[in-house]
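Examination of the molecular architecture
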Amino acid sequence: MAARPRTPAPTLQTELELAASVGADRRALIGGCDEVGRGALAGPVSVGLVVIDPADAELLEDVRDSKLLKVATREALVPVIRDWAAGWGVGHAAADEIDALGIVGALRLAGNRAWADLAAPARPHAVLLDGNHDWLSAPGQPALPGAGAGAASPSYPFDASGTPVSTRIKGDLQCLSVAAASILAKVERDTLMATYDELEPHYGWAINKGYGTASHRQAIGEHGATDYHRRSWRLTTPAATR
C-alpha cells in the first residue's frame, strides 16, 4: 500500500498579502492566532498568538496544524517557533469564565490575555485569525464571575480599532503563523490538563485533554463534576456535581 501523502506545508502567502494591505509605507508585523479547547468539557480554552515579519521570516518545514502532529513533534517545535517569531503569547480562559462569559466571550478573554503577553514592540499591525468569525474583537461581553451586579465588562488590552483582524477559513492548515500559534496553544493547554489530571485522577485528562469521550462522561456520572468542568455545558445525563 502506498504511503499516505503528507499534508501540504502552510506558507507565508496570506501573511505577505495582509502585510502589504496594512503596511504600504512600512514593514508590517502580522500576528497569527488560533484557539484550542473550544469543544472540551473540562479545562480552559486557550489561544496562541505568534507575531512575525513575513518579509523576513523563513519557512518552517515541520510546522503544521497542531492536530496533525504527534505529541513529541509539537513539543520539539515550541522552542523553534519561539526563536523564529518576533513575539508570541498564549492566553487561557478557565472553566468558570467560560460558564460566565459563554464560549465566544471566553475566547476573546483568552485571546486578549495572549495579546497582553506580547512585549509592546512585538505587537502586530494586523491579526490573522483562523476560522470565519472574529471573536477576538467582538464587543459587549458580560462581567466576569463574582464581579457583582452592574459590574463592568472585562478590560481588554486588544485595540480592535487600531489593529485589524482578518479571518481565514482553514488558516491553521494554510498559514504558517496560525499553525505555529496552534502548536504553542496546544502544548500549553495539554500541559495544564496533565497537571489537572494529577489533582483529579478519575477523569483521564492526561489522555482525553478534557474532551467528551465516553469514559470521561462516565467518570463525571460516577464522581461528579469538578471546578475544572464547564458546569453550564451538558456534561452527562444525569449531571452530578460537586
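Predicted, not measured: the structure shown is a model, and the values here were computed from it.

1. Thoughts on the overall build of the chain
- When its secondary structure is counted, the chain shows seven helices and five strands.
- The proportion of buried residues among the 242 residues of the chain is 48%.

2. Overview of the packing of aromatic side chains
- With the rule as written, the count across this model stands at three aromatic pairs.
- Between the aromatic rings of Tyr196 and Tyr228, the centroid separation amounts to 4.2 Å while the plane-to-plane angle is 25°, which identifies the pairing as stacked. Highlighted residues: Tyr196 in helix 5 (residues 176-199) and Tyr228 in the segment after helix 7 (214-223), separated in sequence by 32 residues.
- According to the relative accessible area criterion, Tyr228 is partly exposed, its value standing at 24%.
- Aromatic side chains Trp205 and Tyr228 sit 5.8 Å apart centroid to centroid with 80° between the ring planes, which places their arrangement in the edge-to-face category.

3. With respect to the environment of Thr73
- Summarising the element assignment, Thr73 is placed in helix 2 (residues 71-84).
- Judged by its relative accessible area of 30%, Thr73 falls in the partly exposed class.

4. Details of the packing of helix 2 against helix 5
- It is the contact of helix 2 with helix 5, at a shortest axis distance of 9 Å, that shows an interaxial angle of 125°. Relative to helix 5, the element helix 2 is oriented oblique. Where helix 2 crosses over helix 5, the two elements pack in a sense that is left-handed. The segment helix 2 lies against helix 5, with Arg74, Glu75, Leu77, Val78, Ile81, Arg82 and Trp84 engaging Leu176, Ser177, Ala180, Ile183, Leu184, Lys186, Val187, Glu188 and Asp190.

5. A word on the sheet that holds strand 5 (residues 165-168)
- What the five strands build is an open sheet, ordered 3-2-1-4-5; its pairing is mixed. The open sheet is flanked by strand 3 (87-93) and strand 5, the only strands paired with a single partner. Geometrically, the sheet is characterised by an average inter-axis angle of 20° between neighbouring strands, direction not taken into account.
- Looking at chain direction, strand 4 (residues 126-130) and strand 5 are connected through four bridges and run parallel. Opposite Leu128, over in strand 5, you have Ser166 as the bridge partner.
- Packed onto the sheet, helix 3 (residues 95-116) meets strand 1 (30-36), strand 2 (45-52), strand 3 and strand 4 and runs at close to 170° relative to strand 3.

6. Comments concerning the confidence of the model for the chain
- Here the chain averages 86 in pLDDT, while 85% of its residues score no lower than 70.
- In this model, residues 1-5 is a region of pLDDT below 50 whose contacts with residues beyond four sequence positions or in other chains number zero contacts.
- Long-range and interchain partners of residues 238-242, a stretch whose pLDDT sits below 50, account for 13 contacts in this model, where long-range means more than four residues apart.

7. Examining helix 1 (residues 13-22)
- All of the buried residues along helix 1 are Thr14, Glu15, Leu18 and Ala19. For helix 1, the angular spread of the buried residues around the axis is 135°, confining them to a single face. Residues Ala20 and Ser21 are exposed on helix 1 and point more than 90 degrees away from its buried face.

8. Details of the nonpolar core
- Counting 21 residues, the largest nonpolar core has Cys33, Val45, Leu49, Val127 and Trp135 as the members making the most contacts within it.
- Element by element, the count of residues in this core is highest for helix 3, at eight residues.
- Apart from residues lying up to four places away in sequence, Val127 is in contact with Leu18, Gly31, Cys33, Leu49, Trp115, Leu136, Phe158, Thr163, Pro164, Val165 and Ser166.
- The next biggest cluster of nonpolar side chains, apart from the first, holds 19 residues, and it includes Val50, Leu77, Ile183 and Val187.

9. What about the pairing of strand 1?
- The buried count for strand 1 comes to seven of seven residues, which makes it a mostly enclosed element.
- Across seven bridges, the pairing between strand 1 and strand 2 is antiparallel. Within the sheet, the bridge partner assigned to Val36 lies in strand 2 and is Ser46.
- Where strand 1 meets strand 4, four bridges bridge the pair, whose relative direction is parallel. For Gly32, the partnering residue across the bridge sits in strand 4 and is Leu128.

Here is what the cut-offs are and how they apply
- Just so you know, the residues in each chain are numbered from 1, in the order the chain's sequence is written.
- Local features in a predicted model are, by the rule used here, given only for residues with pLDDT of at least 70; side-chain atom pairs are given and counted only at 80 or more, and totals for whole chains, interfaces and linings are based on all residues.
- In computing side-chain properties, one takes all heavy atoms of the structure into account and sets aside hydrogens as well as water.
- Helix and strand assignments come from DSSP, with helices taken as H or I runs of at least 4 residues and strands as E runs of at least 2, each series counted from the N terminus.
- Exposed residues in this analysis have more than 50% of their type's maximum accessible area, buried residues have under 20%, and partly exposed residues fall in between, with area computed by a 1.4 Å probe over protein chains only.
- Ring pairs are drawn from Phe, Tyr and Trp, using the six-membered ring of Trp, whenever the two centres fall within 6.5 Å, and their geometry is named by plane angle: stacked under 30 degrees, edge-to-face over 60, tilted for the rest.
- Note on definitions: angles span 0 to 180 degrees between N-to-C directions of axes, and those axes are lines fitted to C-alpha atoms, for helices only across the stretch in contact.
- Comment on the angle field: the value is read as roughly parallel under 35 degrees, roughly antiparallel over 145, roughly perpendicular from 65 to 115, and oblique elsewhere.
- For a crossing to be left-handed, the near helix must be turned anticlockwise from the far one by less than a right angle; the clockwise case is right-handed.
- For this analysis, residues touch if any pair of their heavy atoms sits within 4.5 Å.
- A strand pair is defined by DSSP finding two or more bridges across the two strands.
- pLDDT measures the predictor's confidence residue by residue and takes values from 0 up to 100.
- The directions considered for the arc are those from the helix axis to the C-beta atoms.
- Buried residues of nine kinds, namely Ala, Val, Leu, Ile, Met, Phe, Trp, Tyr and Cys, make up a nonpolar core once their side-chain atoms join them within 4.5 Å.

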